[in-house]
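So the chains spell out like this:
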Amino acid sequence: MSTTKICGNCGGTEHYRATVFASGEKGGTLPIGALHGPRYENIICGQCGLTQWFVSPEHLALVREKLERVE
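Residues numbered from 1 in each chain as written. Predicted model: local features only at pLDDT ≥ 70, side-chain atom pairs only at ≥ 80, totals over all residues. Heavy atoms only, no water.

Q: What is the right way to look at the sheet that holds strand β1 (residues 15-21) in this model?
A: Taken in spatial order, the three strands of this open sheet run β1-β2-β3, and their pairing is antiparallel. Strands at the two margins of the open sheet, each flanked by one partner only, are β1 and β3 (51-55). Averaged over all pairs of adjacent strands, the angle between strand axes in this sheet comes to 25°, irrespective of strand direction. Here strand β2 (residues 39-45) runs beside β3; their pairing, made up of five bridges, is antiparallel. The partner of I43 across the bridge, within β3, is Q52. (Pairing = 2+ DSSP bridges. Helix = DSSP H or I, 4+ residues; strand = E, 2+ residues; numbered from the N terminus. Axes fitted to C-alpha atoms, helices over the stretch in contact; angles between N-to-C directions.)

Given below as structure tokens:
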């Protein structure tokens, strides 16, 4: 089984990771109220620059509680 990540935009296999902390009005980029200063993991494609943001696992319960689920 391959563990190589493939970019959904360009098919690239060179990726970089960065941990970032949200800042700004209302405590970050997600409108969750109690969630302030959340940490995100960014995965960036080294070929096309596509950036994906992932909420840290400790904040997922608040995401499920406060945001509307998309079917």
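Q: Teacher, can you tell me more about the pattern of salt bridges here?
A: Should their charged atoms come close, side chains of opposite charge can pair. For the structure on display, the rule yields two salt bridges. In this structure, the salt-bridge partner of E65 is K66, at a minimum N-O distance of 3.8 Å. Among the salt bridges present, the one from R69 reaches E71, with a minimum N-O distance of 3.5 Å. Take R69 and E71: they sit in the same class, and that class is exposed. (Salt bridge = Lys/Arg side-chain N within 4 Å of Asp/Glu carboxyl O. Buried < 20%, exposed > 50% of the residue type's maximum accessible area, 1.4 Å probe, protein only.)

Q: Any chance you could explain the packing of aromatic side chains here in plain terms?
A: Both the distance between ring centres and the angle between the ring planes are used here to describe each pair of aromatic rings. Under the criterion given, the structure shown has one aromatic pair. When the ring of Y40 is compared with that of W53, the centres are 5.4 Å apart and the planes differ by 75°; the resulting orientation is edge-to-face. Note that Y40 is positioned in strand β2 and W53 in strand β3, a separation of 13 residues in sequence. For Y40, a relative accessible area of 3% puts it in the buried group. (Phe/Tyr/Trp six-rings, centres within 6.5 Å; stacked < 30°, edge-to-face > 60°.)

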